[in-house]
Amino acid sequence: MVRVGGGLEGTEPAPVSVQTMTAGYTHDVDSCVAEINRLAAAGADVVRVAVPEKKDTSALAEILRQTRVPIVADVHFHFKRALEAVEAGVHKIRLNPGNIQDREQVNAVIDACKDAGIPIRVGVNEGSIIERKDKQKRMEELGKFFEKTSASGTMTSKHAHLLALIIAKLEEYLDIFHERDFRDVAISCKSMDAAFTIAAYQEVSKRFEYPLHLGVTHAGPKETGAIRSIAALSGLLTQGIGDTVRISYANDPVYEVEDGLELLYSLGLREREGAELIACPTCGRIQVDLFTLVQDVREKLASEITVPMKVAVMGCVVNGPGEAEGADVAVFAGNKRGIIYVQGEKVANIPEEEILDRLLAECQAFQRDVLDGTVKLGEKRVEIVPPDPIGELGSGFDKIAAGEVDRTTPLTVRGSD
Ligand code: SF4
(Lines give C-alpha, C1' and ligand atoms only; values in the text may rest on other atoms or scores of the structure.)
Protein backbone atom coordinates (compact mmCIF):
# COMPACT_ATOMS: atom_id res chain seq x y z
CA MET A 1 0.00 0.00 0.00
CA VAL A 2 1.18 3.55 -0.72
CA ARG A 3 -0.17 6.23 1.61
CA VAL A 4 -0.94 9.58 -0.03
CA GLY A 5 -1.59 12.75 1.93
CA GLY A 6 -2.26 12.98 5.66
CA GLY A 7 -0.91 15.69 7.93
CA LEU A 8 -4.28 16.81 9.26
CA GLU A 9 -4.98 16.98 12.99
CA GLY A 10 -1.37 16.37 13.90
CA THR A 11 -0.90 13.21 11.82
CA GLU A 12 2.36 12.67 9.98
CA PRO A 13 1.93 13.31 6.22
CA ALA A 14 3.00 10.52 3.90
CA PRO A 15 6.13 11.18 1.83
CA VAL A 16 5.36 12.63 -1.60
CA SER A 17 5.02 9.71 -4.01
CA VAL A 18 5.81 9.37 -7.71
CA GLN A 19 3.27 8.15 -10.23
CA THR A 20 3.31 7.46 -13.92
CA MET A 21 1.04 5.96 -16.55
CA THR A 22 1.63 3.12 -18.95
CA ALA A 23 1.87 4.06 -22.62
CA GLY A 24 0.81 0.69 -24.06
CA TYR A 25 -2.57 -1.04 -24.33
CA THR A 26 -3.90 -2.45 -21.08
CA HIS A 27 -5.64 -5.34 -22.85
CA ASP A 28 -2.25 -6.60 -24.09
CA VAL A 29 -1.54 -8.34 -20.79
CA ASP A 30 2.05 -9.42 -21.42
CA SER A 31 3.30 -6.07 -22.62
CA CYS A 32 1.28 -4.18 -19.99
CA VAL A 33 2.73 -6.32 -17.20
CA ALA A 34 6.23 -5.88 -18.62
CA GLU A 35 5.75 -2.11 -18.79
CA ILE A 36 4.34 -1.86 -15.26
CA ASN A 37 7.18 -3.95 -13.84
CA ARG A 38 9.74 -1.84 -15.71
CA LEU A 39 8.19 1.33 -14.26
CA ALA A 40 8.12 -0.17 -10.76
CA ALA A 41 11.79 -1.15 -11.12
CA ALA A 42 12.57 2.46 -12.09
CA GLY A 43 11.01 3.57 -8.80
CA ALA A 44 7.32 4.30 -9.55
CA ASP A 45 5.26 4.14 -6.37
CA VAL A 46 1.98 3.93 -8.26
CA VAL A 47 1.20 3.10 -11.90
CA ARG A 48 -1.95 4.17 -13.74
CA VAL A 49 -3.42 2.30 -16.69
CA ALA A 50 -6.09 3.41 -19.14
CA VAL A 51 -9.22 1.26 -19.38
CA PRO A 52 -11.21 2.69 -22.28
CA GLU A 53 -12.80 -0.64 -23.23
CA LYS A 54 -14.17 -3.76 -21.59
CA LYS A 55 -11.28 -5.78 -22.97
CA ASP A 56 -8.99 -3.53 -20.88
CA THR A 57 -10.83 -4.07 -17.60
CA SER A 58 -11.03 -7.79 -18.44
CA ALA A 59 -7.23 -7.86 -18.45
CA LEU A 60 -6.87 -6.21 -15.04
CA ALA A 61 -7.18 -9.28 -12.80
CA GLU A 62 -4.28 -11.03 -14.56
CA ILE A 63 -2.23 -7.80 -14.65
CA LEU A 64 -2.74 -7.37 -10.91
CA ARG A 65 -1.73 -10.97 -10.32
CA GLN A 66 1.59 -10.42 -12.10
CA THR A 67 2.52 -7.02 -10.64
CA ARG A 68 3.33 -5.68 -7.17
CA VAL A 69 2.95 -1.92 -7.49
CA PRO A 70 -0.47 -0.29 -6.75
CA ILE A 71 -2.50 0.13 -9.94
CA VAL A 72 -4.91 2.98 -10.71
CA ALA A 73 -7.56 2.46 -13.38
CA ASP A 74 -8.11 5.62 -15.38
CA VAL A 75 -11.75 5.75 -16.42
CA HIS A 76 -12.63 8.39 -18.91
CA PHE A 77 -15.91 7.76 -20.64
CA HIS A 78 -17.92 4.89 -19.18
CA PHE A 79 -18.72 4.36 -15.53
CA LYS A 80 -19.05 0.61 -16.08
CA ARG A 81 -15.31 0.44 -16.74
CA ALA A 82 -14.84 1.79 -13.22
CA LEU A 83 -17.15 -0.86 -11.74
CA GLU A 84 -15.34 -3.60 -13.65
CA ALA A 85 -11.95 -2.27 -12.55
CA VAL A 86 -13.04 -2.24 -8.90
CA GLU A 87 -14.35 -5.78 -9.30
CA ALA A 88 -10.97 -6.82 -10.75
CA GLY A 89 -9.24 -5.49 -7.62
CA VAL A 90 -7.51 -2.26 -8.69
CA HIS A 91 -6.16 -0.06 -5.93
CA LYS A 92 -7.66 3.25 -7.02
CA ILE A 93 -10.01 4.74 -9.62
CA ARG A 94 -9.45 7.99 -11.46
CA LEU A 95 -12.58 9.77 -12.66
CA ASN A 96 -12.69 12.77 -14.94
CA PRO A 97 -15.69 14.92 -13.95
CA GLY A 98 -15.72 16.39 -17.41
CA ASN A 99 -16.59 12.98 -18.86
CA ILE A 100 -18.60 11.06 -16.26
CA GLN A 101 -21.28 13.38 -14.95
CA ASP A 102 -24.48 11.39 -14.50
CA ARG A 103 -25.19 11.45 -10.78
CA GLU A 104 -26.45 7.87 -10.61
CA GLN A 105 -23.40 6.62 -12.44
CA VAL A 106 -21.06 8.53 -10.13
CA ASN A 107 -23.00 7.17 -7.14
CA ALA A 108 -22.54 3.63 -8.42
CA VAL A 109 -18.76 4.13 -8.70
CA ILE A 110 -18.57 5.74 -5.25
CA ASP A 111 -20.51 2.87 -3.69
CA ALA A 112 -18.31 0.27 -5.38
CA CYS A 113 -15.12 2.00 -4.21
CA LYS A 114 -16.51 2.40 -0.71
CA ASP A 115 -17.31 -1.32 -0.53
CA ALA A 116 -13.85 -2.19 -1.87
CA GLY A 117 -12.14 0.32 0.48
CA ILE A 118 -10.27 2.08 -2.32
CA PRO A 119 -9.86 5.80 -3.08
CA ILE A 120 -10.96 7.84 -6.07
CA ARG A 121 -9.00 10.61 -7.73
CA VAL A 122 -11.16 13.36 -9.09
CA GLY A 123 -9.01 14.62 -11.92
CA VAL A 124 -10.15 17.84 -13.54
CA ASN A 125 -8.14 18.87 -16.58
CA GLU A 126 -8.43 22.28 -18.17
CA GLY A 127 -9.21 20.56 -21.47
CA SER A 128 -12.15 18.61 -20.09
CA ILE A 129 -14.00 21.30 -18.20
CA ILE A 130 -17.57 21.09 -19.35
CA GLU A 131 -19.48 24.26 -19.75
CA ARG A 132 -22.30 24.71 -17.27
CA LYS A 133 -25.66 26.17 -18.11
CA ASP A 134 -24.92 29.06 -15.76
CA LYS A 135 -21.33 29.30 -16.97
CA GLN A 136 -21.47 32.97 -17.77
CA LYS A 137 -22.93 33.94 -14.41
CA ARG A 138 -20.53 31.66 -12.51
CA MET A 139 -17.55 32.99 -14.43
CA GLU A 140 -18.55 36.52 -13.68
CA GLU A 141 -19.00 35.80 -9.98
CA LEU A 142 -15.87 33.75 -9.49
CA GLY A 143 -13.73 35.26 -12.21
CA LYS A 144 -13.85 38.67 -10.62
CA PHE A 145 -12.85 37.16 -7.32
CA PHE A 146 -9.84 35.38 -8.81
CA GLU A 147 -8.73 38.40 -10.77
CA LYS A 148 -8.56 40.32 -7.50
CA THR A 149 -6.93 37.62 -5.43
CA SER A 150 -4.65 35.72 -7.80
CA ALA A 151 -1.47 34.86 -5.93
CA SER A 152 0.83 36.06 -8.70
CA GLY A 153 -1.26 39.09 -9.49
CA THR A 154 -0.67 38.31 -13.16
CA MET A 155 -3.49 35.92 -13.95
CA THR A 156 -5.21 36.73 -17.21
CA SER A 157 -8.93 37.16 -17.36
CA LYS A 158 -9.16 33.92 -19.37
CA HIS A 159 -7.26 32.03 -16.68
CA ALA A 160 -9.29 33.59 -13.89
CA HIS A 161 -12.41 32.31 -15.58
CA LEU A 162 -10.90 28.89 -16.16
CA LEU A 163 -9.93 28.62 -12.52
CA ALA A 164 -13.44 29.64 -11.55
CA LEU A 165 -14.81 26.81 -13.67
CA ILE A 166 -12.36 24.29 -12.20
CA ILE A 167 -13.31 25.24 -8.63
CA ALA A 168 -17.01 25.16 -9.50
CA LYS A 169 -16.66 21.74 -11.13
CA LEU A 170 -14.77 20.32 -8.16
CA GLU A 171 -17.30 21.71 -5.67
CA GLU A 172 -20.18 20.36 -7.67
CA TYR A 173 -18.61 16.91 -8.14
CA LEU A 174 -17.37 16.53 -4.59
CA ASP A 175 -20.85 17.35 -3.29
CA ILE A 176 -21.93 14.00 -4.73
CA PHE A 177 -19.15 12.27 -2.78
CA HIS A 178 -20.01 14.13 0.42
CA GLU A 179 -23.67 13.23 0.15
CA ARG A 180 -22.59 9.59 0.27
CA ASP A 181 -20.08 10.32 3.02
CA PHE A 182 -17.16 9.24 0.83
CA ARG A 183 -13.98 11.14 1.65
CA ASP A 184 -11.23 8.81 0.40
CA VAL A 185 -10.49 11.25 -2.38
CA ALA A 186 -7.50 12.87 -4.07
CA ILE A 187 -7.79 15.86 -6.39
CA SER A 188 -5.92 17.06 -9.44
CA CYS A 189 -6.48 20.14 -11.60
CA LYS A 190 -3.90 19.95 -14.36
CA SER A 191 -3.17 22.49 -17.02
CA MET A 192 -0.44 22.74 -19.65
CA ASP A 193 0.46 26.23 -18.42
CA ALA A 194 2.98 26.07 -15.56
CA ALA A 195 2.08 29.43 -14.01
CA PHE A 196 -1.63 28.66 -14.15
CA THR A 197 -1.01 25.21 -12.68
CA ILE A 198 0.65 26.85 -9.67
CA ALA A 199 -2.19 29.33 -9.23
CA ALA A 200 -4.85 26.64 -9.65
CA TYR A 201 -3.34 24.23 -7.10
CA GLN A 202 -2.74 27.08 -4.65
CA GLU A 203 -6.42 27.93 -4.82
CA VAL A 204 -7.54 24.30 -4.64
CA SER A 205 -5.29 23.63 -1.63
CA LYS A 206 -6.97 26.52 0.20
CA ARG A 207 -10.48 25.33 -0.58
CA PHE A 208 -10.24 21.54 -0.22
CA GLU A 209 -8.55 19.39 2.41
CA TYR A 210 -7.97 16.41 0.14
CA PRO A 211 -4.53 15.15 -0.94
CA LEU A 212 -3.37 16.74 -4.18
CA HIS A 213 -2.03 14.87 -7.19
CA LEU A 214 0.24 17.34 -9.00
CA GLY A 215 0.93 17.39 -12.69
CA VAL A 216 1.18 19.47 -15.83
CA THR A 217 -0.94 17.91 -18.52
CA HIS A 218 0.15 17.45 -22.14
CA ALA A 219 3.51 18.95 -21.16
CA GLY A 220 5.04 17.88 -24.47
CA PRO A 221 8.34 16.19 -25.30
CA LYS A 222 10.79 15.45 -22.52
CA GLU A 223 13.13 18.27 -23.49
CA THR A 224 10.59 21.06 -22.94
CA GLY A 225 8.07 19.12 -20.85
CA ALA A 226 10.69 18.70 -18.13
CA ILE A 227 11.08 22.46 -17.72
CA ARG A 228 7.34 23.05 -17.79
CA SER A 229 6.64 20.29 -15.26
CA ILE A 230 9.48 21.10 -12.89
CA ALA A 231 8.67 24.82 -12.96
CA ALA A 232 5.12 24.14 -11.80
CA LEU A 233 5.72 21.23 -9.46
CA SER A 234 8.74 22.62 -7.64
CA GLY A 235 6.90 25.92 -7.17
CA LEU A 236 4.10 24.05 -5.45
CA LEU A 237 6.13 21.47 -3.54
CA THR A 238 8.35 24.14 -2.00
CA GLN A 239 5.15 25.74 -0.64
CA GLY A 240 4.17 22.41 0.92
CA ILE A 241 1.45 21.84 -1.69
CA GLY A 242 1.21 18.38 -3.26
CA ASP A 243 1.11 14.79 -2.05
CA THR A 244 1.86 12.79 -5.17
CA VAL A 245 3.34 13.82 -8.52
CA ARG A 246 3.16 12.72 -12.09
CA ILE A 247 5.48 14.25 -14.63
CA SER A 248 4.13 13.63 -18.12
CA TYR A 249 6.14 13.42 -21.30
CA ALA A 250 5.44 12.36 -24.85
CA ASN A 251 8.12 9.72 -24.31
CA ASP A 252 8.91 6.51 -22.45
CA PRO A 253 7.22 6.82 -19.03
CA VAL A 254 10.40 5.57 -17.36
CA TYR A 255 11.69 9.13 -17.84
CA GLU A 256 8.64 10.42 -15.97
CA VAL A 257 9.54 8.22 -13.01
CA GLU A 258 13.25 9.07 -13.09
CA ASP A 259 12.60 12.80 -13.31
CA GLY A 260 9.84 12.72 -10.68
CA LEU A 261 12.18 10.99 -8.26
CA GLU A 262 15.03 13.38 -9.04
CA LEU A 263 12.69 16.31 -8.40
CA LEU A 264 11.80 14.97 -4.95
CA TYR A 265 15.46 14.16 -4.17
CA SER A 266 16.54 17.62 -5.28
CA LEU A 267 13.97 19.30 -3.05
CA GLY A 268 14.93 17.10 -0.10
CA LEU A 269 11.42 15.61 -0.01
CA ARG A 270 12.62 12.07 -0.30
CA GLU A 271 15.68 10.11 0.75
CA ARG A 272 17.78 9.27 -2.23
CA GLU A 273 18.01 5.65 -3.33
CA GLY A 274 21.02 4.89 -5.50
CA ALA A 275 23.95 7.11 -6.36
CA GLU A 276 23.87 10.88 -6.67
CA LEU A 277 25.98 11.99 -9.62
CA ILE A 278 27.66 15.39 -9.65
CA ALA A 279 29.32 16.46 -12.87
CA CYS A 280 30.84 19.70 -14.02
CA PRO A 281 29.25 21.41 -17.02
CA THR A 282 32.67 21.49 -18.78
CA CYS A 283 34.36 24.60 -20.09
CA GLY A 284 37.37 25.64 -22.11
CA ARG A 285 39.71 23.91 -19.65
CA ILE A 286 38.49 20.43 -20.57
CA GLN A 287 40.94 17.88 -22.04
CA VAL A 288 38.87 14.68 -22.06
CA ASP A 289 35.50 13.74 -23.58
CA LEU A 290 33.58 14.43 -20.41
CA PHE A 291 30.11 14.48 -21.96
CA THR A 292 30.37 10.86 -23.03
CA LEU A 293 32.02 9.84 -19.75
CA VAL A 294 29.23 11.44 -17.69
CA GLN A 295 26.49 9.74 -19.70
CA ASP A 296 28.23 6.36 -19.42
CA VAL A 297 28.78 6.80 -15.67
CA ARG A 298 25.12 7.83 -15.20
CA GLU A 299 23.85 4.70 -16.95
CA LYS A 300 26.19 2.39 -15.04
CA LEU A 301 25.36 3.94 -11.67
CA ALA A 302 21.63 3.68 -12.38
CA SER A 303 21.87 -0.03 -13.11
CA GLU A 304 24.57 -1.13 -10.67
CA ILE A 305 24.60 1.09 -7.58
CA THR A 306 21.81 0.95 -5.02
CA VAL A 307 23.35 2.76 -2.03
CA PRO A 308 23.05 6.57 -1.88
CA MET A 309 26.74 7.35 -2.40
CA LYS A 310 27.88 10.61 -3.96
CA VAL A 311 29.93 10.33 -7.16
CA ALA A 312 31.67 13.27 -8.85
CA VAL A 313 32.97 13.48 -12.41
CA MET A 314 34.93 16.71 -12.81
CA GLY A 315 36.61 18.03 -15.93
CA CYS A 316 39.65 19.51 -14.25
CA VAL A 317 41.14 20.49 -10.92
CA VAL A 318 40.54 24.24 -11.15
CA ASN A 319 37.20 24.22 -9.39
CA GLY A 320 36.81 20.47 -9.29
CA PRO A 321 37.96 19.59 -5.76
CA GLY A 322 35.81 22.26 -4.12
CA GLU A 323 32.78 21.37 -6.17
CA ALA A 324 33.28 17.67 -5.54
CA GLU A 325 33.74 18.06 -1.78
CA GLY A 326 31.86 15.34 0.03
CA ALA A 327 31.94 12.96 -2.95
CA ASP A 328 32.55 9.36 -1.89
CA VAL A 329 34.05 8.47 -5.26
CA ALA A 330 35.40 11.17 -7.57
CA VAL A 331 37.41 11.55 -10.71
CA PHE A 332 39.29 14.69 -11.77
CA ALA A 333 40.30 14.73 -15.38
CA GLY A 334 43.36 16.34 -16.88
CA ASN A 335 45.18 15.98 -20.14
CA LYS A 336 43.62 12.69 -21.35
CA ARG A 337 43.99 11.26 -17.83
CA GLY A 338 41.97 11.04 -14.68
CA ILE A 339 42.76 10.77 -10.99
CA ILE A 340 40.29 8.80 -8.91
CA TYR A 341 39.60 9.44 -5.23
CA VAL A 342 37.66 7.30 -2.76
CA GLN A 343 36.52 9.28 0.28
CA GLY A 344 39.31 11.77 -0.23
CA GLU A 345 42.06 9.16 -0.76
CA LYS A 346 43.78 9.13 -4.13
CA VAL A 347 43.53 5.55 -5.50
CA ALA A 348 44.47 5.75 -9.19
CA ASN A 349 45.96 7.93 -11.89
CA ILE A 350 44.91 6.42 -15.20
CA PRO A 351 44.53 7.16 -18.92
CA GLU A 352 41.20 8.47 -20.18
CA GLU A 353 40.09 5.18 -21.73
CA GLU A 354 40.33 3.39 -18.37
CA ILE A 355 38.39 5.96 -16.34
CA LEU A 356 34.89 4.54 -16.76
CA ASP A 357 35.73 0.96 -15.77
CA ARG A 358 37.96 1.96 -12.86
CA LEU A 359 35.50 4.52 -11.53
CA LEU A 360 32.72 1.95 -11.64
CA ALA A 361 34.92 -0.68 -9.97
CA GLU A 362 35.67 1.77 -7.15
CA CYS A 363 31.95 2.56 -6.79
CA GLN A 364 31.13 -1.15 -6.60
CA ALA A 365 33.87 -1.77 -4.02
CA PHE A 366 32.65 1.20 -1.99
CA GLN A 367 29.08 -0.11 -2.22
CA ARG A 368 30.24 -3.49 -0.87
CA ASP A 369 31.94 -1.72 2.06
CA VAL A 370 28.74 0.18 2.82
CA LEU A 371 26.59 -2.94 2.58
CA ASP A 372 28.84 -5.03 4.83
CA GLY A 373 29.09 -2.19 7.35
CA THR A 374 32.81 -1.47 6.92
CA VAL A 375 31.94 2.10 5.86
CA LYS A 376 29.07 4.22 7.11
CA LEU A 377 27.76 6.76 4.62
CA GLY A 378 28.00 10.34 5.78
CA GLU A 379 30.05 9.41 8.86
CA LYS A 380 33.31 10.88 7.60
CA ARG A 381 33.69 14.43 6.30
CA VAL A 382 35.26 13.91 2.90
CA GLU A 383 37.80 16.55 1.96
CA ILE A 384 39.66 16.32 -1.31
CA VAL A 385 43.16 17.67 -1.66
CA PRO A 386 43.48 18.60 -5.32
CA PRO A 387 45.94 16.68 -7.46
CA ASP A 388 48.87 18.50 -9.01
CA PRO A 389 47.52 19.57 -12.40
CA ILE A 390 50.96 19.58 -14.06
CA GLY A 391 52.84 16.75 -12.40
CA GLU A 392 49.92 14.33 -12.09
CA LEU A 393 47.49 15.32 -14.79
CA GLY A 394 49.73 16.94 -17.38
CA SER A 395 47.35 19.84 -17.72
CA GLY A 396 49.11 22.72 -16.01
CA PHE A 397 47.68 25.89 -17.35
CA ASP A 398 51.07 27.55 -17.53
CA LYS A 399 52.07 24.72 -19.90
CA ILE A 400 48.89 25.31 -21.82
CA ALA A 401 49.68 29.00 -22.02
CA ALA A 402 53.11 28.10 -23.33
CA GLY A 403 51.55 25.86 -25.97
CA GLU A 404 53.19 22.75 -24.52
CA VAL A 405 49.95 20.82 -23.93
CA ASP A 406 47.43 19.83 -26.56
CA ARG A 407 44.03 20.98 -25.33
CA THR A 408 42.18 20.47 -28.57
CA THR A 409 40.44 17.22 -27.61
CA PRO A 410 37.08 17.54 -29.38
CA LEU A 411 33.94 17.25 -27.29
CA THR A 412 31.50 14.76 -28.75
CA VAL A 413 27.96 14.47 -27.60
CA ARG A 414 26.70 10.89 -27.59
CA GLY A 415 24.96 10.09 -30.84
CA SER A 416 26.33 13.09 -32.67
CA ASP A 417 29.11 11.30 -34.46
S1 SF4 B 1 35.65 21.49 -13.35
FE2 SF4 B 1 37.15 22.42 -14.72
S3 SF4 B 1 36.50 21.80 -16.78
FE4 SF4 B 1 34.75 21.50 -15.42
S5 SF4 B 1 33.62 23.43 -15.58
FE6 SF4 B 1 34.92 23.56 -13.77
S7 SF4 B 1 36.75 24.60 -14.51
FE8 SF4 B 1 35.67 23.85 -16.35
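One numbering rule holds for all chains: residues counted from 1, following each sequence as written. Per-residue local features are limited, in this predicted model, to residues with pLDDT of at least 70; the limit for side-chain atom pairs, both in listing and counting, is 80 or more; totals at the level of whole chains, interfaces and linings are taken over all residues.

Peer 1: Can you tell me about unusual backbone geometry, naming the residues and giving the values?
Peer 2: The backbone phi angle of histidine 218 is positive, close to 30°, even though this residue is not glycine. Helix and strand assignments follow DSSP, with helices taken as H or I runs no shorter than four residues and strands as E runs no shorter than two, numbered in order from the N terminus. Turning to its location among the elements, histidine 218 is positioned in the loop between β7 (213-215) and α8 (222-237). Residue classification places histidine 218 among the partly exposed residues on the basis of 14 C-beta atoms within 10 Å. One non-glycine residue, lysine 336, lies in positive phi territory at about 60°. Relative to the elements of secondary structure, lysine 336 occurs in the loop between β11 (329-333) and β12 (337-342). Partly exposed residues are those whose C-beta has more than 12 but fewer than 20 other C-beta atoms within 10 Å; 20 or more makes a residue buried and 12 or fewer makes it exposed, with C-beta atoms placed from the backbone.

Peer 1: Can you tell me about the site of the ligand, naming the residues and giving the values?
Peer 2: In the vicinity of the ligand lie twelve residues, with Cys280, Cys283, Gly315, Cys316 and Val318 positioned nearest. Basically, the charged four are Asp, Glu, Lys and Arg, the nonpolar ten are Ala, Val, Leu, Ile, Met, Phe, Trp, Tyr, Cys and Pro, and anything else, Gly included, counts as polar. Classifying every residue of the shell around the ligand by side-chain character gives seven nonpolar, four polar and one charged. Defining nearness, a residue is near a molecule or strand when the C-beta atom obtained from its backbone falls within 6 Å of it.

Peer 1: With reference to specific residues and values, describe the packing of helix α2 (residues 54-65) against helix α3 (residues 79-88).
Peer 2: Interaxial angle, 0 to 180 degrees, is taken between N-to-C directions of lines fitted to C-alpha atoms, where a helix line uses only the stretch in contact. Running from N to C, α2 and α3 cross one another at 15°; their axes reach a closest spacing of 9 Å. Taken together, α2 and α3 sit at an angle that is classed as roughly parallel. Considering the relative orientation of α2 and α3, their crossing is right-handed. Here Lys54, Thr57, Leu60, Ala61 and Leu64 of α2 lie close against α3, whose contacting residues are Arg81, Glu84, Ala85 and Ala88. In terms of residue class, the contact of α2 with α3 is made up of five nonpolar, one polar and three charged. In these notes the angle categories are as follows: under 35 degrees is roughly parallel, over 145 is roughly antiparallel, 65 to 115 is roughly perpendicular, and the rest is oblique. Crossing handedness: left-handed means the near helix sits turned counterclockwise from the far one by under a right angle, and right-handed means the same turn made clockwise. Here the contact rule is simple: place C-beta atoms from the backbone, and any two residues whose C-beta atoms are within 7 Å are in contact.

Peer 1: Explain the environment of threonine 217 residue by residue, including any values.
Peer 2: For threonine 217, the location among the structural elements is in the loop between β7 and α8. Of the residues examined, threonine 217 has 19 C-beta atoms within 10 Å and is grouped as partly exposed. Note: C-alpha distance between threonine 217 and serine 191 (26 residues apart in sequence) is 5.3 Å. Apart from residues lying up to four places away in sequence, threonine 217 is in contact with Asn125, Lys190, Ser191, Met192 and Ser248.

Peer 1: If you had to explain α3 to someone new, which residues and values would you point to?
Peer 2: Residues Phe79, Arg81, Ala82, Glu84, Ala85 and Val86 constitute the buried set of α3. Where α3 is buried, its residues meet α2, β3 (71-75), β4 (92-95) and α4 (103-116). Two residues or fewer after α3 comes glycine 89, characterised by a positive phi angle close to 105°.

Peer 1: With reference to specific residues and values, describe the sheet that holds strand β10 (residues 310-314).
Peer 2: Within a sheet, neighbouring strands are paired by backbone hydrogen bonds and run either parallel or antiparallel to one another. Strand order in this open sheet of five strands is β9-β10-β11-β12-β13, and the pairing throughout is mixed. Two strands bound the open sheet, and with one partner strand each, they are β9 (276-279) and β13 (345-351). On average, adjacent strands in this sheet sit at an angle of 15° to one another, irrespective of strand direction. Pairs of strands are assigned from DSSP output, requiring at least two bridges between the strands. In the sheet, β9 pairs with β10 via four bridges, with the strands oriented parallel. What sits directly across from isoleucine 278, in β10, is alanine 312.

Peer 1: Any chance you could break down the sheet that holds strand β1 (residues 17-21) for me, citing the residues and the numbers?
Peer 2: On the basis of which strands lie adjacent, the open sheet formed by eight strands has the order β6-β5-β4-β3-β2-β1-β8-β7 and parallel pairing. Pairing within the sheet leaves two strands with one partner each, and these edge strands are β6 (185-190) and β7. Neighbour-to-neighbour, the strand axes of the sheet open up by a mean angle of 25°, direction not taken into account. Relative to β3, strand β2 (residues 46-50) is paired through four bridges, and the arrangement is parallel. Looking across to β3, one finds that alanine 50 is bridged to aspartate 74. Helix α7 (residues 194-207) contacts β6 and β7 of the sheet and is inclined by roughly 150° relative to β6.

Peer 1: Tell me what's going on with the nonpolar core, and back it up with residues and numbers.
Peer 2: Note on terminology: a nonpolar core is a set of buried residues of type Ala, Val, Leu, Ile, Met, Phe, Trp, Tyr or Cys, with members joined through C-beta atoms within 7 Å. Counting 69 residues, the largest nonpolar core has Ala73, Ala82, Ala85, Ile93, Ile166 and Ile187 as the members making the most contacts within it. For this core, the element with the highest residue contribution is helix α6 (residues 157-179), accounting for ten residues. Cys280, Met309, Val313 and Ile339 belong to the second-largest nonpolar core, a separate cluster that totals 32 residues.

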